[in-house]
Structures are given as C-alpha cells and as structure tokens.
Amino acid sequence: MNRKSFLNGAIALLATGLSTAAMAQAIPATVDQPVTITFYNYNLASAGIGAEATKKLISEFMAANPNVTVVGVPYASADASRIQADLAAGQPVDLVQTVFSDLDFAVTNFGAQALEDIVPADELAAHFEGMSPNGLKLGVLNGKTYGLAYTFSTPVLFYNADIFKAAGLDPDQPPTTWEAVKADGMIIKEKTGAQAFSAGITGPGAADWLFQGVVRSNNGEVISRDRKTLEFAEPASVEAVSMLRDLVDSGVYENLDMNGTLESMAAGNLAMYLQTSALQGALIAGSTDKYELRSSTMPSFGDKPVRPNNSGSALTIHTKDPLKQRAAWELMKFLTSKHGYTVITSEIGYLPLRTDIVDDPAYLGDWVKAHPLVQPNLKQLAVLEPWDPMPGPNYRQIVKTMMDGVEMAVFGGADVAETLKAAQEQAQALMP
Amino acid sequence: MTIEAVARPIGLAKPRLRKKTAENTGLNSAAGHVVMVLLSLVCLLPVYWMVATSLRPANATFETSLWPTSMSLDNYVYALNSIPIVRMLINTVVISSVVTVVQLFTGLLAAYAFARWRFRFDKLVYTAIALTWLVPFQVVMIPNYLLVAKMGLLDSVVALILPHFASALAVMLLAQSMRGFPKEVIEAARMDGARSWRILWEVLVPNLRGTIASLAILIFISTWNEYFWPLLLSRTPENSVIQIGIQMFMTSEGTAWGPLMAASTMASLPILIIYVVLQRQVVQSFMKSGIR
Amino acid sequence: MSEARLPLKTARPARRRSGASGISPWLYLAPAIITLVVWIYWPLVDAFRLSFYEWNMLPTSEPVAVGWSNYTKIFGLPKFWQAIRNTVLYVVGLLPLAVLIPLAIAIYTHDLPARSRNLYRAIIFVPMIIAPVVAAAVWRWLLDPGHGLVNVVIKTFGFDPVKFLSDPKVAIWTVIAITGWKLIGFSTLILSAANANINPSLIEAARMDGASKWEVIRDIRLPLLSASILFLVMMTILLGAQWSFTYINVLTGGGPLGSTTNIYHLLWDFGFSNMSVGWSSASAVILFLGFGVLAFFLFRLTDRYSFHDN
C-alpha cells in the first residue's frame, strides 16, 4: 500500500467517523413531540400467542410513551416483498423484525442503521449490560450492530420419552451424539415400529440455519469468514452431510415435510425431532395428556463440541429521521428490556437475550422452573453462534441452490461430494 | 315475442328426455350409481372433515373418529377472538359482490362490441384480451402494488377491487354466447329503431340470463377465494378478507388446526348456504349458459 | 357515462351491420381495455424491459443493465428441466380428471332421472366452492401418514401407510389428484350443459336406424361435444400449471426433492420470492411467451379439428 492511498483511506475513515458522530448527536435525547413509527412484524401476520403478545407489548409501550404512536404492519417472513414493495412505494419503514438470513440484504438494500451510528455510545453500552455476549453477536455484521436479537431460538432435540421407554431405552439418557442418534433410532425402529428421527434441516421452508449449525458442529463452515466464498462442499461439510445420508440409508431419518414432521411429533408418532425450540408450544399442545415430551441439546459429532446457531429474528432500525430513530430505539429498548424478554420468552416461546433474568423470580425465574423443556435451549445460549446471512442481491437464490443440493445429497440418493460440489459452483456464481 | 320463440326449442327437448330415462334400468345403471355415490363421497368428505374437526375439543384434534366423540365450540370462540372474522366476512361479501357486478358490466359492454360490430383490429383486440388470461398474477402483482400505493389506496378495500374491474373470462364467455344469439332478433330490434345501448340491455341481456348467472357465480367464487393479492395488500385485519384470516392460523410454528378448521368453516359457510339454496338455479344456469 | 354519448353515434339508420362502425365499439370496449392495460399490460411491457436489468426496485438504487444474464441464470437452474418435465406430467395427469371423468359423468348422468342427476351434479360442484387454501389444508390433514383418515383406513386393510406428500414418487400425483378434485365439478357442468343442448332429434334418428347406445355416444354425442372437450383440454394445458400452484405452494413447496415443482412454481420460487426484478421479469417473460406460443398452436389446432354443429 503506498503512502498516498493510505492517507486517503485514513481521511475517508476519519470522515465516516465524523459523520457518524454527527449523526449520533442528531438523535434527540427524548421524544419531545408526537411521532408515528411503523413496526414491520411477522408475528402480527398470524393469529395466536405471537400476535397477542406483540400487540400487548406495543400497547404497553405506547402507554408509557404518550408521544409515540406505533403502527404494527404485519408481513410474511417467508418473503420480504412487503418491505421491499413498501420501500419502493415510498412508504415509511421504521422498525423491522428482520429474519437473520435477511440481515445482509436489510443492511445493503433496506437501509438498516447500525446502532453504533445512531445511539450515543454510553446509552448503548448501558442497554447492552446483562445481555448474552453471544446473543449480541448475532446481529453484528461487518463489525457493527445492525440488529438486536429479538425473537430467536436454538435447535433442540425433542424426544418422546414414552417411545424411548417402549424401546427399552433410558429416557434420562437421550442421545448426545449423532452416532447415538443412529443407534437409538435403530433400536426404536426395531422394537416399536415408530418413526425414529426427523429434523428440520432440509425441505421447503427450512431455510439454512439448522444446516449451518450441523456443519459447524463438524468444524466446517458453509461460507468463509470473509463471506466471499461458499464452503459447503469442503470435506468437513461433506462429512456432515454424509452422516445425515447414512441416517437416511439406515432407515432412521424420516423424510417428512415440515408440517408433517411437526404433526407426527405432536401426535406422538415420532421418537426424535431436531428443530427450533420455537415449535415447543405446538409440540406441548399436542403432547399434553398423551405422552411425555422432553428435550435435549443438539447432537454432536463424536467429541467435537456442538456449535449450534440461532433461528429467528432481530430488530433493525431503518428510518433516517432522527426523531423517529429515537422513537424506534425507545421501542427497541422496551422490547429487549428485562420485561420485554420475559413476555417474549414466557408467552411466545423464544429465548431471552438477557441471561440475568432467567433465575430472577421477578422475571423468568418461576417460569423457567415450571418449564424444564427450555433448559437445553438456555444451555446452548452459552455456545451460540450467528446464523450467517448470504450476501448480495441473489442471497435467497444462493440459499435455495445450496439447500436443494443438500436435500438431493441426503435424501435423493445422489453422490454426496459431487452433488454438493455442483451446487456450490452454481451458488458461487450467484455471489456478489 | 320473437325472443321467446327462439328460446323455446331448448325447452322442448325436456319431455322427450324424461321418457328415455325409463329405458335405462338394470345392472348398468346400478354400477353407475355406485360410482357416482363414491365420487360424491370423495367430493364431500373433506368438507365434512373440516366441519367435524372444527367441532372437536382441542386435545382431540388429531382424532380420526368419523363423528366427534365430544363436541365443543372452543375453536370457534378462539377463532372469533383472535381475528375479526365477521368484519372480514363482510369485507369479502362486499368485495365479491362489487367485483361481480362491475366485471359483468364491463364484460357485457366489451362482448357486445365484438358481437355487434366488425371494426378495425377487432380480432387483434380480442386476442389481446384473451391473452391476459395467460399472464400469471404474480407477474403484475408488485407493479400493481406500487400503483395502488401511488393512488394512496394501500390498506383499503378499494384496492382489492380495482384490478378486477374487467376480466378476460367475462369478455370471452359473454362474447361467445352473444355470437350464438340469433342475429335476426338483433336485426329486428334494430329495424324497430332500437339504439345499440337499448338492444344490449333490453334484448340481449334478458336472453343471456343463464350465461350471466353462471358467470356471476364463477366471478363471485373466484373473488371470494382470492388469496395472493389480498395477502400482499393486507395490513390491518379489519380491512382484510377472510382468506387472509384463514391463512393467519397456518404459521411457521405449526398450524392451529382446530381454529383453522373453525375459521375455514365460517369462511365456507356463507357460500355453501347460498349454494344449497340456489343449487338448482346454479346447475340450471350452467345448463343453459353458453359456457361449453 | 356512455349513455349520454352513445345515442349520437348510433342514431343513424342502422342498416349496415358491419363496415364502418366508427367509435361505438371502442366506447363499449373502453372500460375493459383500460382496466386490462393499466393492471396487466403495462406491468407486462415493463417486465420485458426490466428482464434485462438487475434491480431491487428500491428508489435508492439504480437498475444495472445485465443483458441476457437473467435468462441464462434461469435456464441454468438445476431444477429447470425437472420443472418442465413435471409441468407436462401435471397436464397429462390432469387431463383425465378435468376432461375424461367429467365427460363420462356428464354422459352417464344425462340419462338419469332428473332428481338424482341434479343431486350428483350439485355434489360434484361442491369442491369448486371451497377455497383453495382450505382445500389444501384439509387434504394435507386427511392424507397425513400418521394420523390422516385416509392412511388410517389404508392401515386397517393391512397395508403400509402411504406418504402421500413426502414420497417423491407419489407426491406429484397427490397434488394432481387434489387439483383435479377441485376441477371435476366445473368440467362436469360444462360438459353436461353441452350434452343437454344436443338436439334430441339427432339421437332419436340414430336410434331409429338401429344404433346401439355406444354408437350413439361415439358417432353423435362425442363429435357434437368436441368443441367443449377441446375447450377444456386447452384450458387444462394452458392453465393446469397455474391451477396446481396454490396446492404446490401450501402442500409441498415444490418438494420433496423438487418432485412436485412445476415451471410456474419454480419461477415463483426463484423469481418472485425476493423481488429481484431481473429474475422475476425474465421469469414472467418466459412464462408468457412460452404459454403464448403454446396457446397459438392450440388455437390453430382447435380451429382445424373442432367439429361445428351449426
């Protein structure tokens, strides 16, 4: 690097530093006049506890902040087209519940703001206090916090203790490794005839979050750390996929569609189900009075440590208006407060980003005691890693191409290494 | 007078058909009945299952007994409490009715133009209208959304109606049946000095009742069942339609089967009742319509 | 609005049926044309243009011209040819359900007493009025391998449960059957209507000549129904892929292993779900041109082979 370009770079850096500092000062300390902000939220798009709890939190916030009116806008998380269409139509998009895999696109295209750029540093630090450091990292991209983990969860192995007993297995010793999943699965199939194991790794609607965690647990990555090269056809990943393929070939791993799996588990026909803990509510509803539902952490590859990652969403601020930014930040603070996470965890069924409220009887203490199923989920919070979003305008197509290849390799009888390699080449061509 | 005379030959066929049925007896028709009964069961079973499931209590949702062992209205209470179903139903009725009337109106006008006149580019225009049938809705969805936004109509019932002001189906079906209409009758009316506007409404329309009625039913049903456009537009449940309400019970965190079936039953009920009441007319109107 | 103006144009002694008709037809056509141009043709024309760009539609970014790359990307999708093959399968599979069975029902029920005839036809029409989303949900429920009623029945007969929606070999036929289930009533009504309108004297005459029941069907009914049959065949070929879309979307999402995806769903999946305008516009153009060309040939064929009874 020659001297001149270094100088230029330094000036540029300084300039951005200055401008962000200026912006940070521009956001008012309080909302001193009436303002309306929109909150794009996918929980509002469905009926049930998620929507009810969200509405409750919003109205509590408005009661405490009479100057702020929050307009909740429902959108389908499966496609971000509502947000994109509204931005294209010039509609105000202020605060968004962004799925983690959309984070890159939200930053580069939807104008998501880094919190460091708009919120005074001391205020930010004060709010982050008590939050799980791993949880905070989830919303960090290129070194800045664009999103604050909001409704998120980790993969857990749900299992049917009654089927375990019927197969002569000890329900207190659920499988902790993939080898054990296979061994126990074979016994379950043989002794009970029940469906042994299924997972939300592949298939329509599965996205790639769980796959990322499986590959990482075998010390692989689906994408390089600089997020330029796809690596899901590298040996570590091929090995992980081959393991899944072996589970299928041995008859342990059932290929069911997502809803089918969920209902099979809920109805008591499936012994083990690796899936996001967010499905806990639906599974509890199905198992009550029928069988004993338990949960465990994600299985590991031998003695390699489990490296689970999260599913779910973060909160991102998109507005450029300082007053609205302040209002959005206030709402964000409220939703991610001790009280906010108490509601989110106990009423919707996600994880608390604030680990200090878990044992606090004023918040989640009693609830956690009464809900042992959440334990493996909390345990994994300590080793949680981010769900990497794919970069560029074709990020969704990249995910689809990758996951199609994985599905083909696991269930389609195709050669694992070759299929993944072909898919990786195709997907790499779509990278920016 | 002339018109009735034209319509009569079709009616005349009736008595003769009745006579023929007497010949049709024996094994052949018994086997036919068995097939038809089976087919009817296949058609009705899912509808029955929807209603039966909606009436089961929450912990019996996965039961497979044909008749619910115990009944409960909990699912209905839950569904009614979590989304404004009544409001959504009213919206859907209003939208479907308006769309039906407007689409029939524009369809009648356009079809009349094709049936009555030869004009420059008439074939081309007709083909262009027919081709809109092949344009998948998803293609125009986003541009339409932007247009609606520009008009300031986001989150309004009007936006759900506007793009359906005309349809290729209505124009084509009506044009086809108008062409089949005896030209002498139109000519006669014209001789009597009737203007084109009056010929359409006083001569053609009364005689196309069958087609119009069956087309109305088709338009109403398809608008009632529309899903993707309202899904893109809906912001507040109060301004949305019943299909969106139904869809709200199917989430990525699992489907709330009981409430979903309750909401589905409530969504299907109005249309089923209308159908049962008007069933004879519906079938008859299709029999007499030019849709063939 | 037109009421005030129209009389001026049509007041002249109307002798000429055809020939110079002036502005009248255009006034009658205006509402339909304006609607279709604004809501369908304008976006379509725009799609042609945008299919050569990469753009996310946002006001903050500029469209980038990329030539044919959107098209090559789409044709290079690994599932593209699988989707084309499946599209053909959908059409082939739907034809019996949308045409053959309804035809048989229409001819059979025609000879039944009026009461049972109307009852059967009414019942067969019921699936048509059930919302597609609801139909999909109920069927998924009925077909579930574990607790679905259909599989419970299959199991009581001692067979293994069928994975109707997760077995790659079976799933596409399941989706076809459900699509057909929705359509049977509509087709039956159309064919029944056509059948009822056949002049009975023709049939009577044939009988006098000693024609058997089958000969009557083969030599008189089928030729006279050919226009309706061709109409339904054409609709099935052109719109079959669209009809199955909701069911694919709700039931299988194109899986397992892409076995139920068709061209329409594949392009939706890759083109529209994240509003990359280039992908979606190119998809739109491919769909429109593809089916347009198909429609053109089909229209030519029907013109040549349909039998006109008047």
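Enquirer: Where do I start with the overall build of chain B in this structure?
Expert: Each helix and strand in chain B was counted, giving 14 helices and two strands. Looking at the 292 residues of chain B, the share that counts as buried comes to 46%. When contacts within chain B are restricted to residue pairs at least 6 apart in sequence, long-range pairs at least 24 apart make up 76% of them.

Enquirer: Could you clarify how one ought to interpret the overall build of chain A in this entry?
Expert: Secondary structure summary: chain A contains 19 helices and 11 strands in total. Since a compact globule built from 432 residues should have a radius of gyration of about 22 Å, the 23 Å found for chain A is in line with a globular shape. When its C-alpha atoms are laid out on the principal axes, chain A stretches across 70 × 55 × 40 Å. By the burial criterion, 57% of the 432 residues in chain A qualify as buried.

Enquirer: Help me out: how do you make sense of the sheet that holds strand 3 (residues 95–99) of chain A in this one?
Expert: The pairing of strands in a sheet happens through backbone hydrogen bonds and is either parallel or antiparallel. All names here are of chain A. One open sheet accounts for five strands, arranged 2-1-3-11-6; its pairing is mixed. One side of each edge strand has no neighbouring strand; the edge strands of this open sheet are strand 2 (68–74) and strand 6 (147–153). Neighbour-to-neighbour, the strand axes of the sheet open up by a mean angle of 25°, direction not taken into account. The pairing of strand 3 with strand 11 (residues 311–317) spans five bridges and is classified as antiparallel. If you follow T98 over to strand 11, its bridge partner there is A314.

Enquirer: Mind showing me how you'd approach the interface of chain B and chain A here?
Expert: Taken together, the 18 residues of chain B in the interface contact 22 residues of chain A. Those elements giving two or more residues to the side of chain B that touches chain A turn out to be helix 6 (137–150) and strand 2 (254–255) of chain B. If one sorts the elements of the side of chain B that touches chain A by residue count, helix 6 of chain B sits on top with four residues. When its residues are assigned to classes, the side of chain B that touches chain A shows 10 nonpolar, six polar and two charged.

Enquirer: Any chance you could explain the domain arrangement of chain A here in plain terms?
Expert: Residue and element names in this part refer to chain A. When its domains are assigned, chain A resolves into domain 1 (35–153 + 311–383) and domain 2 (155–308 + 390–428). If you tally residues by element for the side of domain 1 that touches domain 2, the top one is helix 17 (residues 375–381), at four residues. Taken together, the residues that form the side of domain 1 that touches domain 2 break down as six nonpolar, seven polar and two charged.

Enquirer: Would you explain the environment of B:A30 in this entry?
Expert: Within the element layout of this structure, B:A30 appears in helix 2 (residues 27–55). Sequence separation between B:A30 and B:P237 is 207 residues, and the spatial gap between their C-alpha atoms is 51 Å.

Enquirer: Before we go on, may I ask you to explain helix 18 (residues 395–411) of chain A in this structure?
Expert: Since the α-helix advances by 3.6 residues per turn, residues separated by three or four positions end up pointing in the same direction. Residue and element names in this part refer to chain A. The end-to-end C-alpha distance of helix 18, which contains 17 residues, comes to 24 Å, matching closely the 24 Å that a straight helix rising 1.5 Å per residue would cover. Burial within helix 18 is extensive, with 17 of its 17 residues counted as buried. One or two positions beyond helix 18, positive phi appears at G413, with a value near 75°.

Enquirer: Looking at this structure, I do not really get the packing of helix 8 (residues 168–179) of chain B against helix 11 (residues 209–224) of chain B. What am I missing?
Expert: For any two helices packed against each other, the geometry comes down to the angle between their axes and how far apart the axes lie. Residues and elements named next belong to chain B. Two numbers describe how helix 8 lies on helix 11: the axes approach to 11 Å, and their chain directions differ by 170°. Judged on the interaxial angle alone, helix 11 and helix 8 are roughly antiparallel. Seen from above, helix 8 lies across helix 11 with right-handed handedness. Packed against helix 8, whose contacting residues are A170, L173, L174 and S177, the element helix 11 presents T211, L215 and I219 at the interface.

Enquirer: How do you make sense of the pairing of strand 7 (residues 155–160) of chain A when you look at a structure like this?
Expert: In summary, the side chains of a regular strand alternate between the two faces of the sheet. All names here are of chain A. Across the six residues of strand 7, six count as buried, placing the element largely inside the fold. Bridge count between strand 7 and strand 9 (residues 270–276): five bridges; the pairing is antiparallel. Within the sheet, the bridge partner assigned to Y159 lies in strand 9 and is M272. Of the pairings in the sheet, the one linking strand 7 to strand 10 (residues 293–297) comprises five bridges and is antiparallel in character. Bridged to F158 within strand 10 is S295.

Enquirer: Before we go on, may I ask you to explain unusual backbone geometry in this structure?
Expert: When glycine is set aside, most residues are seen to have a negative phi, and most peptide bonds are trans. If you check the backbone angles, A:N142 has positive phi at about 50° while not being a glycine. Relative to the helices and strands, A:N142 is located in the loop between strand 4 (140–141) and strand 5 (144–145). The residue B:D155 is not glycine, and still its phi comes out positive at about 55°.

Enquirer: Would you take a moment to explain the confidence of the model for chain B for this structure?
Expert: Low pLDDT means the predicted coordinates in that region are not meant to be read closely. Residue and element names in this part refer to chain B. In the predicted model, chain B carries a mean pLDDT of 81, and 87% of its residues have values of at least 70. Throughout residues 1–25 the model reports pLDDT below 50, and contacts reaching past four residues in sequence, or to other chains, amount to 18 contacts. Confidence metrics for the complex model read pTM 0.85 and ipTM 0.80.

Enquirer: Would you take a moment to explain the sheet that holds strand 7 of chain A for this structure?
Expert: All names here are of chain A. If you trace the four strands from one edge of the open sheet to the other, you get 8-9-7-10, paired in mixed fashion. Looking at the sheet topology across the chains shown, the edges are occupied by strand 8 (195–199) and strand 10. For this sheet, the mean inter-axis angle between neighbouring strands, taken without regard to orientation, is 20°. The pairing of strand 8 with strand 9 spans four bridges and is parallel. Counterpart to A199 in the pairing with strand 9 is L274. Against the sheet, helix 12 (residues 258–267) makes contact with strand 7, strand 8 and strand 9, and its axis sits at roughly 130° relative to strand 9, the strand it touches most.

Enquirer: Sorry if this is basic, but what is going on with the nonpolar core here?
Expert: Taken as a class, soluble globular proteins show a tendency for nonpolar side chains to be buried jointly. Residues A:A271, A:L331, B:A111, B:Y112 and C:V134 are the most contacted members of the largest nonpolar core, which totals 292 residues. If you tally residues by element for this core, the top one is helix 8 (residues 171–196) of chain C, at 14 residues. Among residues more than four places away in sequence, those in contact with B:Y112 are B:M178, B:L200, B:L204 and C:Y28.

Enquirer: Please clarify how the pairing of strand 3 of chain A should be interpreted in this entry.
Expert: Residue and element names in this part refer to chain A. Among the five residues of strand 3, five are classified as buried, and the element is accordingly described as predominantly covered. Alternating positions in strand 3 separate into two faces, L95, Q97 and V99 on one and V96 and T98 on the other, with burial throughout. Of the strand pairs in this sheet, strand 1 (residues 35–41) and strand 3 are connected by two bridges, and their pairing is parallel. Directly across from Y40, in strand 3, lies its bridge partner V96.

Enquirer: Sorry, what's going on with the confidence of the model for chain A here?
Expert: Per-chain confidence: chain A averages 89 in pLDDT, with 93% of residues scoring 70 or above. Note that pLDDT drops below 50 for residues 1–25 of chain A; the model gives that stretch eight contacts with residues more than four away or on any other chain.

Enquirer: Looking at this structure, I do not really get the domain arrangement of chain B. What am I missing?
Expert: The parts lose accessible area when they come together, and the size of an interface is often stated as this lost area. Residue and element names in this part refer to chain B. Along its sequence, chain B is organised into domain 1 (24–72) and domain 2 (74–289). Between the C-alpha centres of domain 1 and domain 2 there is a distance of 30 Å. Its residues assigned to classes, the side of domain 1 that touches domain 2 comprises four nonpolar, four polar and one charged.

Conventions adopted
- Residue numbers restart at each chain and count upward from 1, following the sequence in its written direction.
- Chain A is the first chain written and ligand 1 is the first ligand written, with later ones labelled in order.
- Local features are withheld for residues below a pLDDT of 70 in this predicted model, meaning they are given only at 70 or higher, and side-chain atom pairs are given and counted only at 80 or more; totals for whole chains, interfaces and linings count all residues.
- Per the convention used, a helix needs a DSSP run of H or I reaching at least four residues, while a strand needs a run of E reaching at least two, with both numbered from the N terminus.
- Think of it as a crowd count around each C-beta: if 20 or more other C-beta atoms lie within 10 Å the residue is buried, if 12 or fewer it is exposed, and in between it is partly exposed, with C-beta placed from the backbone throughout.
- Distance between backbone-placed C-beta atoms decides contact: two residues are in contact if it is within 7 Å.
- The reference for a compact globule is 2.2 Å times residues^0.38; the radius of gyration itself is calculated from the C-alpha atoms.
- Note on pairing: two strands pair once DSSP finds at least 2 bridges between them.
- Axis definition: a line fitted to C-alpha atoms, over the contacting stretch in the case of helices. Angles run 0 to 180 degrees between N-to-C directions.
- The classification used treats Ala, Val, Leu, Ile, Met, Phe, Trp, Tyr, Cys and Pro as nonpolar, Asp, Glu, Lys and Arg as charged, and all other residues, Gly among them, as polar.
- What counts as a domain boundary in this text is fixed by an automatic or database domain assignment.
- Helix span, expected: 1.5 Å multiplied by one less than the number of residues in the helix.
- Angles below 35 degrees are treated as roughly parallel, those above 145 as roughly antiparallel, those between 65 and 115 as roughly perpendicular, and all remaining angles as oblique.
- By the definition used in this description, the sense in which the near helix is turned from the far one sets the handedness, with an anticlockwise turn below a right angle giving left-handed and a clockwise turn giving right-handed.
- pLDDT is a per-residue confidence score from the predictor, ranging from 0 to 100.
- Here, a nonpolar core denotes buried Ala, Val, Leu, Ile, Met, Phe, Trp, Tyr and Cys residues that are linked to one another through C-beta atoms within 7 Å.

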